[in-house]
2 protein chains.
Amino acid sequence: MNDLEQKRHSLAHLLAGAILKLYPEAKNAIGPAIENGFYYDFEFPEPVSEKNFPRIEKEMRKMLKTWKKFEMQEVSAEEAKKYFADNPYKLELVDEIPQKGEKITLYKSGDFTDLCRGGHSENPAEKIAGDSFKLDRVAGAYWRGDEKNKMLTRIYGLAFDTKEELDAHIAQYEEAKKRDHKKIGKEMGLFVFSELVGAGLPLWTPKGTLVRETLNDFVWELRRAQGYQKVTIPHITKKALYETSGHWSKYSEDLFKINTREGHEYAMKPMNCPHHTQIFASTPKSYRDMPQRYCETTMVYRDEQSGELSGLSRVLSITQDDAHIFCRKSQIENEVFGVWDIVDKFYGAFGFKDMKVRISKHDPKTFEKYIGTPETWALAEKNLMELVEKRGIKDWVDGVGEAAHYGPKIDFIAKDNIGRSLQVATIQLDFNMPKNFELVCTNEKGVHEDVIMIHCAIMGSIERFMSTLIEHCAGNFPLWLAPVQVKVIPIMSVHTQYACEVFEALRGASIRAELDDADENLGKKIRSGKVDKIPYMIIIGDKELESKTLTLESRDKGNLGSVTTDYLIDKLSTEIKNKA
Amino acid sequence: MNDLEQKRHSLAHLLAGAILKLYPEAKNAIGPAIENGFYYDFEFPEPVSEKNFPRIEKEMRKMLKTWKKFEMQEVSAEEAKKYFADNPYKLELVDEIPQKGEKITLYKSGDFTDLCRGGHSENPAEKIAGDSFKLDRVAGAYWRGDEKNKMLTRIYGLAFDTKEELDAHIAQYEEAKKRDHKKIGKEMGLFVFSELVGAGLPLWTPKGTLVRETLNDFVWELRRAQGYQKVTIPHITKKALYETSGHWSKYSEDLFKINTREGHEYAMKPMNCPHHTQIFASTPKSYRDMPQRYCETTMVYRDEQSGELSGLSRVLSITQDDAHIFCRKSQIENEVFGVWDIVDKFYGAFGFKDMKVRISKHDPKTFEKYIGTPETWALAEKNLMELVEKRGIKDWVDGVGEAAHYGPKIDFIAKDNIGRSLQVATIQLDFNMPKNFELVCTNEKGVHEDVIMIHCAIMGSIERFMSTLIEHCAGNFPLWLAPVQVKVIPIMSVHTQYACEVFEALRGASIRAELDDADENLGKKIRSGKVDKIPYMIIIGDKELESKTLTLESRDKGNLGSVTTDYLIDKLSTEIKNKA
């Protein structure tokens with residue numbers, strides 16, 4: 001437990017201490033440190049809500065000054081039960097601790113004693129700044145997460161090392177709320193969910209599909225230049241494929257399984273690699289055929305728990321812009337760096353700069369989770385580390401236990417416009433799956449040589465990338481990506497004909513224009529253009545009609561003055577072409 | 001039973017008569033008329049194969065002259081059993097006939113008497129030409145199709161009205177065998193099957209994917225011009241969607257069903273329409289928004305019996321180039337004719353001309369198979385008939401019982417290059433599913449108005465269309481569709497550099513060129529180009545290198561003489577653009 005986690009854990013105690021002081025009838029259940037802070041669950045004799053926070057925080061700060069240390073005391077189960085005689089939650093926990101072979105320890109600070117395994121700041125009064133934490137919100141939570149149990153009141157707190165960091169977090173959180181892709185995606189009409197189809201299964205509207213396809217075309221443009229070829233596979237397979245790939249044994253609970261009318265077992269694909277091996281393996285390959293670079297944007301399916309589903313960030317049907325390179329050992333460097341170039345170009349276009357690199361390795365302690373031998377893993381990980389160093393990355397993060405079940409990977413961690421770190425692209429080096437499928441090529445000497453696979457999705461998942469991108473740019477897609485690029489608004493019906501000419505000229509130049517000639521007031525039309533975050537709006541009134549010019553309003557730069565239709569088409573076409 | 005069917009049925013009797021004459025120990029089981037001819041199953045005391053056909057046919061022709069009529073005799077079960085005392089197959093059938101409430105009838109012609117329900121030519125000797133039939137092949141067949149029963153010998157015969165028709169059928173069949181898409185698809189490397197993935201689940205190679213995508217782009221080009229928009233849906237759904245659409249009750253056994261880890265029931269989509277309704281329904285629609293034309297090329301899944309799977313013609317994962325138009329009643333004609341225009345343009349490009357039209361209607365006798373009311377069905381069918389007549393089609397086929405479960409359809413029947421009729425595109429008019437999903441738009445008076453759906457796939461299924469197209473053109477795809485358009489072959493290594501320049505120039509002009517500079521002999525390279533059915537080949541030797549010209553060899557037109565690279569690029573680009 002690091003220093004900050006110890007502070008957060010201590011603050012959970014402090015919250016419980018303050019609550020029992022203010023609400024002596026309350027019963028405290030459990031309270032751990034969590035990301036960004038802490039929480040504690042209570043049974044209250046009366047409703048407690050966020051409006052009670054100032055009083056509770058005041059008591060916490062007062063109490064904190066007196067908490068100079070945590071005193072540990074090991075006790076017997078009997079002693080513990082006596083101490084917590086009127087707290088059924090603690091009594092339940094006390095009963096379980098000896099069963100797990102652990103000792104029962106109490107921690108006391110100030111007047112407050114809690115059942116606890118330890119891990120606190122040694123001197124909270126000195127270590128924890130009174131303004132570095134804040135109560136955040138109240139939520140209902142079943143005791144032990146089981147809906148058959150009593151509903152308790154969970155109080156969440158935020159805590160950081162300093163007030164500045166706390167404030168920065170709150171500001172980031174407020175900004176993130178405004179940028180929430182679920183909210184913006186709905187306002188912009190990009191995707192919808194249906195009760196009948198179910199959670200985690202987004203349906204993409206024409207506008208959302210246009211953005212998806214434009215992103216995907218960009219990835220394909222970068223890949224085509226490197227000689228990739230598209231392939232197509234079905235979304236299901238007989239069990240046999242995943243028995244060979246290791247998915248059936250290592251990945252089984254994530255699989256959507258199907259029993260056919262004839263009683264055969266099939267599964268929906270959770271990954272595309274095993275299918276792609278079968279295309280590679282369908283004809284003998286010589287060294288002259290290598291490398292083969294297959295790519296395919298297609299959906300994979302994972303049987304996630306419904307409680308974990310959220311907007312586009314966690315879905316049941318995931319669109320991967322997947323690719324698999326089948327190459328010789330001698331080609332690994334060139335191929336990995338080729339993918340890396342694509343990653344740099346793609347993310348660079350959205351202003352994701354200086355991405356962090358993590359090398360995600362296997363965890364030797366849980367080797368049963370992986371396919372292959374310790375030797376193939378050691379070799380693949382050594383290979384990746386050398387490549388990362390050769391690429392000039394010194395400060396890569398060591399991600400033990402973060403590998404795929406078939407091989408280690410390079411993960412790219414981007415920082416978005418409001419400072420959040422997000423895992424994006426990945427390059428995986430796989431010595432194991434090709435072995436399971438006995439993939440070989442004939443080398444210059446006419447001898448079979450093992451083939452290596454490189455798995456490399458650029459966006460990773462289109463759903464995940466879209467959620468990241470929407471929040472990164474607050475829905476303000478760059479012109480080339482915006483589903484509607486220009487909105488043409490005639491002020492009155494007398495201006496409609498000219499507006500229509502401009503609209504047709506834009507469409508003729510393959511610019512995605514929208515003509516808003518509905519019988520509504522101008523203010524409403526402009527507001528709706530702003531909600532849709534359309535990069536350019538053109539409002540056509542008497543002045544424009546008379547001079548046959550256009551007044552151009554940019555979403556990002558404000559009023560750009562008067563232009564001709566030709567100039568406008570030229571300007572926008574150039575911006576689109578340059579992905580400006 | 002029509003005239004030809006009666007002949008075929010009579011010939012089945014004749015075959016059995018001849019067999020019992022030549023093999024008195026044989027036991028005849030059953031023998032019906034089928035498409036293109038007839039068969040009869042026998043238990044033989046000795047192996048009988050195709051080499052015995054001349055003798056059997058000779059006997060049949062001899063016997064035919066004496067078969068002037070069929071005499072019917074109604075008998076009791078007892079009499080029948082006595083007659084067939086040493087034929088266990090007939091005895092089994094005799095036992096069942098009274099249970100079905102039918103009478104037992106024997107039919108005698110010449111010396112041969114068979115248990116039969118009737119339906120023969122009245123005077124076979126006169127009606128059936130001796131050279132209008134032919135024995136075809138021998139196959140094993142379990143008695144009553146049950147593998148627990150004895151394996152019998154099935155003799156197939158071909159039969160038509162005249163020798164000319166028989167010969168034409170045989171010639172067509174021989175030609176079809178040469179054009180079999182499974183054979184050509186494999187030779188050209190378009191798609192493969194994998195034992196591990198399973199039957200009915202084709203995997204598309206880079207070349208095959210290129211053809212699929214080029215076809216799909218063509219459909220999209222035609223649709224985009226009419227204002228279609230792409231949407232994207234997941235391939236699974238909660239059961240609830242199909243309960244509303246009627247798929248769960250009317251279509252259940254074709255569904256691949258999934259039980260999630262949390263015990264929910266999901267299904268893989270067998271059609272896209274229910275999902276698309278949910279995009280339409282996600283926001284209120286006004287008359288100004290109508291029609292909405294959604295299209296999406298995506299896979300659907302049907303749990304077919306494995307015995308029915310065959311190449312690309314019958315698969316488990318079917319890629320539909322699907323579209324759904326949501327429109328007002330007043331817009332039906334315009335929308336249906338718009339789709340019809342696309343169908344004409346698309347199929348016209350491949351030389352499928354004068355397609356037949358079938359109006360596929362519901363069968364009132366099995367109304368429980370459909371959703372909706374008799375009134376909505378009558379209305380939709382009337383609508384379609386009026387539109388077909390208005391389009392100038394008088395000789396449409398009446399397809400009672402061929403409708404989808406939600407509505408009637410116009411099916412287009414194409415004739416391929418070897419004269420076979422094949423169902424291709426379809427336009428379906430659906431008053432029922434929009435009702436089930438309560439789809440409405442607000443009309444000019446502010447009142448809710450029912451919305452109509454038009455379901456319209458152009459290729460239908462890409463797999464099915466590809467199998468049709470490959471056999472139609474014997475793999476000789478038109479230039480614009482060929483996965484490799486030009487193959488450049490240097491004769492010796494000294495010619496490679498110039499060949500490479502030509503190859504790069506072609507690629508630079510977006511022509512799909514292949515450079516074959518492998519260290520192999522010229523004949524082998526040319527043969528492989530022919531197997532791949534590449535439209536153009538360029539062979540580069542001393543003459544070409546010296547004069548900096550190219551000798552152009554066309555797959556379809558032979559040697560086209562000497563051309564420059566610029567001329568070649570111009571010629572091919574024009575052909576590609578015009579889909580020549």
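Reading the values: rules and limits
- Residues numbered from 1 in each chain as written.
- Chains lettered and ligands numbered in written order.
- Predicted model: local features only at pLDDT ≥ 70, side-chain atom pairs only at ≥ 80, totals over all residues.
- Heavy atoms only, no water.
- Salt bridge = Lys/Arg side-chain N within 4 Å of Asp/Glu carboxyl O.
- Helix = DSSP H or I, 4+ residues; strand = E, 2+ residues; numbered from the N terminus.
- Domains from an automatic or database assignment.
- Contact = heavy atoms within 4.5 Å.
- Buried area = accessible area lost by both parts, 1.4 Å probe.
- Polar contact = N/O pair within 3.5 Å; in protein donor to acceptor, adjacent residues only side chain to side chain.
- Nonpolar A, V, L, I, M, F, W, Y, C, P; charged D, E, K, R; others polar.
- Pairing = 2+ DSSP bridges.
- Axes fitted to C-alpha atoms, helices over the stretch in contact; angles between N-to-C directions.
- Left-handed = near helix turned anticlockwise from the far one by under 90°.
- Least-squares fit on C-alpha atoms with pLDDT ≥ 70 in both.
- Phe/Tyr/Trp six-rings, centres within 6.5 Å; stacked < 30°, edge-to-face > 60°.
- Lys NZ or Arg CZ within 6 Å of the ring centre and 35° of its normal.
- Patch = residues over 30% accessible without salt bridge, like charges linked within 9 Å, V, L, I, M, F, W, Y side chains within 5 Å.
- Areas by Shrake-Rupley, 256 points an atom, 1.4 Å probe, with all protein chains shown as cover.
- Buried < 20%, exposed > 50% of the residue type's maximum accessible area, 1.4 Å probe, protein only.

**Examining the pattern of salt bridges**
Under the defined criterion, the tally for this structure stands at 100 salt bridges over all chains. For Asp 254 of chain A, the salt bridge is made with Arg 261 of chain B, and the minimal N-O distance between the two is 3.0 Å. Of this pair, Asp 254 of chain A sits in the loop between helix 10 (247-250) and strand 13 (257-259) while Arg 261 of chain B sits in the loop between strand 13 (257-259) and strand 14 (265-268), placing the two residues on different chains.

**Details of the domain arrangement of chain A**
All names here are of chain A. When the domains of chain A are assigned, the result is domain 1 (3-178), domain 2 (186-472) and domain 3 (486-577). Once you take the C-alpha centre of each, domain 2 and domain 3 turn out to be 41 Å apart. Each partner contributes to the interface: domain 2 provides five residues, whereas domain 3 provides five residues. Between domain 2 and domain 3, the buried area comes to about 430 Å², and carbon and sulfur atoms account for 56% of it. Here domain 2 and domain 3 share one salt bridge between them. Across the salt bridge formed by Lys 207 and Asp 532, the nearest N and O atoms sit 3.7 Å from each other. Along the contact surface separating domain 2 from domain 3 lie zero residue pairs in polar contact (both at pLDDT 80 or more). In terms of residue class, the side of domain 2 that touches domain 3 is built from two nonpolar, one polar and two charged.

**What about the sheet that holds strand 19 (residues 409-415) of chain B?**
Residue and element names in this part refer to chain B. Strand order in the open sheet formed by eight strands is 11-15-16-23-20-19-17-18, with mixed pairing between adjacent strands. Of all the strands in the sheet, the pair left with one neighbour each is strand 11 (229-230) and strand 18 (397-400). Pairing analysis gives two bridges linking strand 11 to strand 15 (residues 292-301), with the strands arranged parallel. If you follow Lys 230 over to strand 15, its bridge partner there is Cys 295.

**Brief notes about the packing of helix 16 (residues 496-508) of chain B against helix 19 (residues 565-577) of chain B**
All names here are of chain B. It is at 10 Å that the axes of helix 16 and helix 19 come closest, and there the two elements cross at 35°. As for the relative orientation of helix 16 and helix 19, their crossing is right-handed in sense. Facing Tyr 498, Val 502, Ala 505 and Leu 506 of helix 16, the residues of helix 19 in contact are Thr 565, Leu 568 and Ile 569. Partitioning the contact of helix 16 with helix 19 into residue classes produces six nonpolar, one polar and no charged.

**Digging into the interface of chain B and chain A**
Contact with chain B, which involves 57 residues of that partner, is made by 57 residues of chain A. Regarding the contact of chain B and chain A, the summed buried area is about 4600 Å², with carbon and sulfur atoms giving 60% of it. For the chain B face of the interface with chain A, the top three residues by lost area are Leu 196, Thr 232 and Arg 261 of chain B, together amounting to 16%. Scanning the region where chain B abuts chain A turns up six salt bridges. Put simply, Asp 517 of chain A and Arg 288 of chain B hold a salt bridge, and the shortest N to O gap is 3.1 Å. Applying the counting criterion to the chain B and chain A interface returns 28 residue pairs in polar contact (both at pLDDT 80 or more). Considering each element in turn, the side of chain B that touches chain A owes the most residues, four residues, to helix 8 (residues 206-224) of chain B.

**Considerations on the relation of the copies chain B and chain A**
For the pair of chain copies, the relating transformation is a rotation about an axis with a translation along it. Expressed as a screw transformation, the operator carrying chain B onto chain A has a rotation angle of 180° and an axial translation of 0.2 Å, and the superposed copies differ by an RMSD of 0.3 Å. Here the transformation between the copies is reduced to the relation of a two-fold axis. Residues of chain B ranked by C-alpha distance from the rotation axis are headed by Ile 258 of chain B, positioned 2.7 Å from it. Mapped onto chain A, 100% of the interface residues of chain B are again interface residues, and the two copies thus contact each other with one and the same surface.

**Quick notes on the packing of aromatic side chains**
Tallying each qualifying case throughout the model produces 52 aromatic pairs over all chains. Look at Phe 256 of chain A and Tyr 266 of chain B: their rings are 6.3 Å apart centre to centre, the planes differ by 35°, and that puts the pair in the tilted class. Separated into two different chains, Phe 256 of chain A in the loop between helix 10 and strand 13 and Tyr 266 of chain B in strand 14 make up a pair that spans both. A connected cluster of aromatic rings, assembled from ring pairs, spans Phe 218, Phe 346, Tyr 347, Phe 350, Phe 352, Phe 465 and Trp 480 of chain A. Over the aromatic face of Phe 160 of chain A sits the side chain of Arg 8 of chain A, whose NZ or CZ is 5.0 Å from the ring centroid. One Lys or Arg, Arg 212 of chain A, reaches over the ring of Trp 204 of chain A and ends 4.8 Å from the middle of that ring.

**Quick look at a nonpolar patch on the surface**
Residues and elements named next belong to chain A. On the surface, a cluster of nonpolar side chains totalling about 280 Å² of accessible area is made up of Ile 491, Met 492 and Val 494. Topologically, Met 492 is positioned in the loop between strand 24 (486-490) and helix 16 (496-508). Met 492 sits in the exposed class, given a relative accessible area of 52%.

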